[in-house]
Amino acid sequence: MADYVSTELRKLVTSRADYLCECCLIAEEDTFLGCEVDHIISLKHEGKTEADILAYACTFCNRYKGSDIASIHESGKLEHFFNPRIDYWSGHFYLNNGVIIPLTVVGEVTVDIFKFNNAERILEREALGFIGRYPNENAKKRCL
């Protein structure tokens, strides 16, 4: 399949994600720039445009990830990024107010490269939390 994401496939990816960024759990309706269908394994790494290789990501998570699939952990070992098709969010992260705490090395490299906890992103999540929009009900289910 080409890199084109059909309307049907886009609907499947967005509804499966509950209209949340599957990485940082922000709701699409709460992001200024919205969310995008992301190739977990990018096309340049032979990823396919198929449901099991696609995720829904906010513009920030998607841009920081880029075409990368992994990063070098401080231990020197190559670690894959969080993959919502095979990983459980709560197995790798813990949400403490607006801060996303990594629980594993996969969580650590993801938090680092995706810049989950830069000041602006924390402020955005805290502000949304203050008005009861972060995490929303669908996101809370992923935090369990």
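Everything below is about the structure shown above.
Residues numbered from 1 in each chain as written. Predicted model: local features only at pLDDT ≥ 70, side-chain atom pairs only at ≥ 80, totals over all residues. Heavy atoms only, no water.

## Comments concerning the environment of Asp 30
Argument step 1. Structurally, Asp 30 is set in the loop between α1 (7-16) and β1 (35-39).
Argument step 2. When the C-alpha positions of Asp 30 and Tyr 134 are compared, they lie 8.8 Å apart, and in sequence the two are 104 residues distant.
Argument step 3. Setting aside residues up to four positions removed in sequence, Asp 30 forms contacts with Glu 124, Leu 128 and Arg 133.
Argument step 4. At a separation of 2.7 Å, a polar atom in the side chain of Asp 30 contacts the side chain of Arg 133. (Helix = DSSP H or I, 4+ residues; strand = E, 2+ residues; numbered from the N terminus. Contact = heavy atoms within 4.5 Å. Polar contact = N/O pair within 3.5 Å; in protein donor to acceptor, adjacent residues only side chain to side chain.)

## Focus: the environment of Ser 71
Argument step 1. Following the sequence through the fold, Ser 71 ends up in strand β3 (residues 70-72).
Argument step 2. The exposure class of Ser 71 is buried, given its relative accessible area of 14%.
Argument step 3. For the pair Ser 71 and Tyr 56, spaced 15 residues apart in the sequence, the C-alpha separation amounts to 20 Å.
Argument step 4. For Ser 71, the residues in contact, after removing those within four places along its chain, are Lys 77, Leu 78, Glu 79, Phe 81, Val 109 and Ile 113. (Buried < 20%, exposed > 50% of the residue type's maximum accessible area, 1.4 Å probe, protein only.)

## Quick word on the layout of surface pockets
Argument step 1. Put simply, the largest pocket is a space of about 190 Å³.
Argument step 2. Listed by contribution, the elements that provide at least two residues to the lining of the largest pocket are α3 (89-92) and α6 (137-143).
Argument step 3. Tallied by class, residues from the lining of the largest pocket come to 7 nonpolar, 1 polar and 6 charged. (1 Å grid on protein atoms, 1.4 Å probe; cavity = no way out; pocket = protein on both sides within 12 Å on 5 of 7 lines; lining within 4 Å. Points joined across faces, edges and corners; volume = space filled by probe spheres on them. Nonpolar A, V, L, I, M, F, W, Y, C, P; charged D, E, K, R; others polar.)

## Remarks on the nonpolar core
Argument step 1. The biggest cluster of nonpolar side chains holds 32 residues, and the ones touching the most others in it are Cys 21, Cys 24, Cys 61, Ile 100 and Phe 116.
Argument step 2. At the level of elements, α1, β1, β2 (54-58), β5 (93-96) and α4 (105-113) are the ones that each hand at least two residues to this core.
Argument step 3. If one sorts the elements of this core by residue count, β2 sits on top with 4 residues.
Argument step 4. Setting aside residues no more than four positions away along its own chain, Cys 24 makes contact with Cys 58, Cys 61, Ile 100, Phe 116, Arg 121, Arg 125 and Tyr 134. (Core = buried A, V, L, I, M, F, W, Y, C linked by side-chain atoms within 4.5 Å.)

## Re the pairing of β5
Argument step 1. Burial along β5 is one-sided: the residues Phe 93 and Leu 95 are buried and none of Tyr 94 and Asn 96 is.
Argument step 2. Sheet topology note: the β5/strand β6 (residues 99-102) ladder contains 4 bridges and is antiparallel. When the bridges of β6 are listed, Asn 96 appears paired with Val 99.
Argument step 3. Connecting β5 to the antiparallel partner β6 that follows it, the hairpin turn spans 2 residues, and Asn 97 within it adopts a positive phi of roughly 55°. (Pairing = 2+ DSSP bridges.)

## With respect to the packing of aromatic side chains
Argument step 1. Applying the stated rule across the entire model yields 5 aromatic pairs.
Argument step 2. Aromatic pair Phe 82 and Phe 93: ring centres 5.3 Å apart, planes at 70°, arrangement edge-to-face. With Phe 82 in the loop between β4 (78-80) and α3 and Phe 93 in strand β5, this residue pair connects regions lying 11 residues apart in the sequence.
Argument step 3. Its relative accessible area of 6% is what places Phe 82 among the buried residues. (Phe/Tyr/Trp six-rings, centres within 6.5 Å; stacked < 30°, edge-to-face > 60°.)

## Overview of empty space enclosed by the protein
Argument step 1. On inspection of all chains with the given rule, the structure shows 1 cavity of 30 Å³ or more.
Argument step 2. In this structure, the largest cavity occupies an estimated 70 Å³ of space.
Argument step 3. Residue lining of the largest cavity: Cys 24, Ile 26, Thr 31, Phe 32, Leu 33, Gly 34, Cys 58, Thr 59, Phe 60, Arg 121, Glu 124 and Arg 125, and that is the complete set.
Argument step 4. Among the elements that line the lining of the largest cavity, the one with the most residues is helix α5 (residues 119-130), at 3 residues.

Treat this as a map of the structure, not an account of what it does.
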